[in-house]
Amino acid sequence: QVKLVESGGGLVQDGGSLRVSCAASGLTFPAYGMGWFRQAPGKEREFVAAITGSGGQTYYADSVKGRFTVSRDNAKNTVYLQMNSLKPEDTAVYYCAASAYTRYLGDQGKYGYWGQGAQVTVSS
């Protein structure tokens, strides 16, 4: 079955950096767009970043543009989210997700598979 496993979350200070990874199994990885979403306490889950199957296109929420970078290694079936200049408001559980769609990767409804999430906490 399809499995997405996030790793690399943790505690970091304001202005610091962190990279979260998501290892996928049970699917033809290059055929799937991959997305990162996050959910802060008391808030709705929101789109963070996405990358197409080939890695040729990336998309970002305005709140993270210029600070976060999404990438993927199709040989390792892994997608990454490099987070720089972190702020306390970036504190959330970060989820990776896989989509069989090639467009609309900012839409949570287009994702059929989800990971269990990784906690990222940014202290002020």
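Here, every reference points to the structure presented above.
Reading the values: rules and limits
Residues numbered from 1 in each chain as written. Predicted model: local features only at pLDDT ≥ 70, side-chain atom pairs only at ≥ 80, totals over all residues. Heavy atoms only, no water. Salt bridge = Lys/Arg side-chain N within 4 Å of Asp/Glu carboxyl O. Buried < 20%, exposed > 50% of the residue type's maximum accessible area, 1.4 Å probe, protein only. Helix = DSSP H or I, 4+ residues; strand = E, 2+ residues; numbered from the N terminus. Pairing = 2+ DSSP bridges.

Student: Got a sec to walk through the pattern of salt bridges? Specific residues and values, please.
Tutor: Here the structure, examined in full by the defined rule, presents five salt bridges. Note that E46 and R38 form a salt bridge whose closest N and O atoms lie 2.7 Å from each other. Look at E46 and you get partly exposed, because its relative accessible area is 36%. Residue classification places R38 among the buried positions, given a relative accessible area of 6%. The residue D90 makes a salt bridge to R38 at a minimum N-O spacing of 2.9 Å. With D90 in the loop between β8 (78-83) and β9 (92-99) and R38 in strand β4 (residues 33-39), this residue pair connects regions lying 52 residues apart in the sequence. Residue classification places D90 among the buried positions, given a relative accessible area of 1%. Salt bridges sharing partners connect three or more residues here, namely R38, E46, R67 and D90.

Student: Outline the pairing of strand β11 (residues 118-123), listing residues and values.
Tutor: A one-sided burial pattern is seen for β11, the buried positions being A118, V120 and V122 and the unburied ones Q119, T121 and S123. Bridge count for strand β2 (residues 10-13) against β11 is four bridges, and the pairing is parallel. Each residue of the ladder has a partner; that of L11, found in β11, is T121. Relative to β11, β9 runs antiparallel, the two being bridged by three bridges. By the bridge assignment for β11, A92 is matched with V120.

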